Each structure stands twice: as structure tokens, then as C-alpha cells.
Amino acid sequence: MGSRSDWETMRHAAETLERLGVPHETRVVSAHRTPDRLVAYAKAAAGRGLKVIIAGAGGAAHLPGMAASMTALPVLGVPVESHALKGMDSLLSIVQMPGGVPVGTLAIGKPGAINAGLLAGAILALSDPALAQRLEAWRTTQTDAVPDAPA
Ligand code: RP5
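Residues numbered from 1 in each chain as written. Predicted model: local features only at pLDDT ≥ 70, side-chain atom pairs only at ≥ 80, totals over all residues. Heavy atoms only, no water.

Chemist: Whenever I open this one, the sheet that holds strand S2 (residues 75-80) confuses me. Can you help?
Modeler: Hydrogen bonds along the backbone pair up the strands of a sheet, which may run parallel or antiparallel. On the basis of which strands lie adjacent, the open sheet formed by 3 strands has the order S1-S2-S3 and parallel pairing. Looking along the sheet, the strands with just one partner apiece sit at the ends: strand S1 (53-58) and strand S3 (104-105). Contacts from helix H4 (residues 88-95) reach S1, S2 and S3 within the one sheet, and its direction differs from that of S2 by about 160°. (Pairing = 2+ DSSP bridges. Helix = DSSP H or I, 4+ residues; strand = E, 2+ residues; numbered from the N terminus. Contact = heavy atoms within 4.5 Å. Axes fitted to C-alpha atoms, helices over the stretch in contact; angles between N-to-C directions.)

What follows is the structure in C-alpha cells.
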């Protein structure tokens, strides 16, 4: 994520990965304030054995796109809700990538962070049958929790 202030949103991605039993790491890497850290992180990611990067940032959110420019790993972008523009700035700056450098962009805020965790899990589950079963169980639990009527 681009800032510690993004953690309130991005912790939902981490919690989702924990629930799915997916090993992960969390780092603050700012495209603007720590550009050298971003370059080092993105270029080393595949070699360190990472499989998917979830990048959350807000405002002029260049982190996911810049990360995607430096790795062939799948990059999932989470637009963090900004104070000034409610995350529309984050969303548009993450989603409008030029053809050739993809970022899989999720919804603004908490739903996007949760879904980034689930989507990362789904990508990893393609080569991990046990994880695929845990994802299926997660879906079943969610379905079973939906009541037939509001009251
Ligand atoms: C972005 O600027 C971060 O991703 C964060 O969403 C936003 C504000 O950062 P702080 O000023 O709270 O550190 O780079």
C-alpha cells in the first residue's frame, strides 16, 4: 500500500487472505515518497517467489500501475477512498492503464480490498486444489449466511 493510512482499507485484503490460508506479506511502498523502494520491490517480487501483488493506493494512485510496469506478476489494484474525491481519483488513476500494462482494478475501498484478496486466492487456486476447496467453502458459508427474508 502507498501509505500507512491505507491500512484501514487494505487490512481487509490481508484478513481475507488469512481466512483463506494464503501466505502473504504487507508492505508500505509509495510511488511518490519512496520511489526507489517501489522499484526494488517490484523488480524483486517474482524472484522472491511472490505470485500476485495487491496494490492499494489513494488519490493520484500510481502505485499499482508503476508496480505492473516492472513485473510480469498479476497486479490487482485497490482504489483507496480519498477524502477530497471519495476515491474517484484513486479509481480512475488505477483503472485507466494504457493497453499493454494491465492492472486488475477492484472497487473503491473495503469491498475492493476484500475482493482483491478473493481474486488473488482464485488466481492461486488454479494451481492449488486445497486452496480451491477453501475458496469453495468460503462461498458456501457466504451463501448460507444470506437470510431468505429481511426480518
Ligand atoms: C497515497 O496518498 C496513499 O496511497 C494514500 O492513500 C494517500 C494519502 O497518503 P497519506 O498522506 O495519508 O500518507 O500515496
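There's plenty left to go through after this.
Chemist: I would appreciate a short explanation of the UniProt feature "binding site: substrate" (unreviewed entry) in the chain in the present structure.
Modeler: Following the UniProt record, one finds the feature "binding site: substrate" (unreviewed entry) at Ser3, Asp6 and Arg33. Judged by maximum C-alpha separation, these annotated positions cover 31 residues in sequence but sit close together in space, the widest gap being only 14.3 Å. If you trace the backbone, Ser3 turns up in the segment before helix H1 (7-20). In this view, Ser3 contacts Val28 and Arg33; residues no more than four positions away in its chain are not counted. Looking at where Arg33 falls in the secondary structure, it is placed in the loop between H1 and helix H2 (35-45). (UniProt positions renumbered as here; feature names shortened; annotations may be inferred.)

Chemist: Explain the UniProt feature "domain: PurE" (unreviewed entry) in the chain here, please?
Modeler: As annotated by UniProt and renumbered to match this structure, "domain: PurE" (unreviewed entry) occupies residues 1-146. Taken as a whole, residues 1-146 contains 49% helix and 10% strand, while its terminal C-alpha atoms sit 32 Å from one another.

Chemist: Looking at this structure, I do not really get the pairing of S2. What am I missing?
Modeler: Consecutive side chains of a regular strand alternate in pointing toward one face of the sheet and then the other. In terms of burial, S2 is a largely internal element, 6 of the 6 residues being buried. Here S2 shows a buried face lined by Val75, Gly77 and Pro79 and a second buried face lined by Leu76, Val78 and Val80. In this sheet, S2 lies alongside S1 in parallel orientation, the contact comprising 6 bridges. The residue of S2 that forms the bridge with Gly58 is Val80. For the crossover from S1 across helix H3 (residues 63-69) to S2, the handedness is right-handed. Bridge analysis of S2 against S3 gives 2 bridges, and the strand direction is parallel. (Buried < 20%, exposed > 50% of the residue type's maximum accessible area, 1.4 Å probe, protein only. Right-handed = clockwise from strand over helix to strand, strands pointing away.)

Chemist: Would you mind showing me how to read the site of the ligand here?
Modeler: Around the ligand, a shell composed of Gly2, Ser3, Ser5, Asp6, Arg33, Ala57 and Gly58 is seen. One nitrogen or oxygen atom from the side chain of Ser5 is found 2.6 Å from an oxygen atom belonging to the ligand. A distance of 3.0 Å is found between an oxygen atom of the ligand and a backbone nitrogen or oxygen belonging to Gly58. For the ligand, whose accessible area on its own is 360 Å², the fraction buried by protein is 66%. Grouping the amino acids of the shell around the ligand by side-chain chemistry returns 1 nonpolar, 4 polar and 2 charged. (Near = heavy atom within 4 Å. Polar contact = N/O pair within 3.5 Å; in protein donor to acceptor, adjacent residues only side chain to side chain. Areas by Shrake-Rupley, 256 points an atom, 1.4 Å probe, with all protein chains shown as cover. Nonpolar A, V, L, I, M, F, W, Y, C, P; charged D, E, K, R; others polar.)

Chemist: Explain the packing of helix H5 (residues 110-125) against helix H6 (residues 129-144) to me, please; I cannot follow it from the model alone.
Modeler: Each packed pair of helices is defined by two parameters, the angle between the axes and the distance between the axes. Direction vectors running N to C along H5 and H6 enclose 140°, while the axes themselves pass 8 Å from each other. Regarding H5 and H6, the two cross each other, and that crossing is left-handed. Residue-level contacts link Leu118, Gly121, Ala122, Leu124 and Ala125 of H5 to Pro129, Leu131, Ala132, Leu135 and Trp138 of H6. The residue inventory of the contact of H5 with H6, partitioned by class, reads 9 nonpolar, 1 polar and no charged. (Left-handed = near helix turned anticlockwise from the far one by under 90°.)

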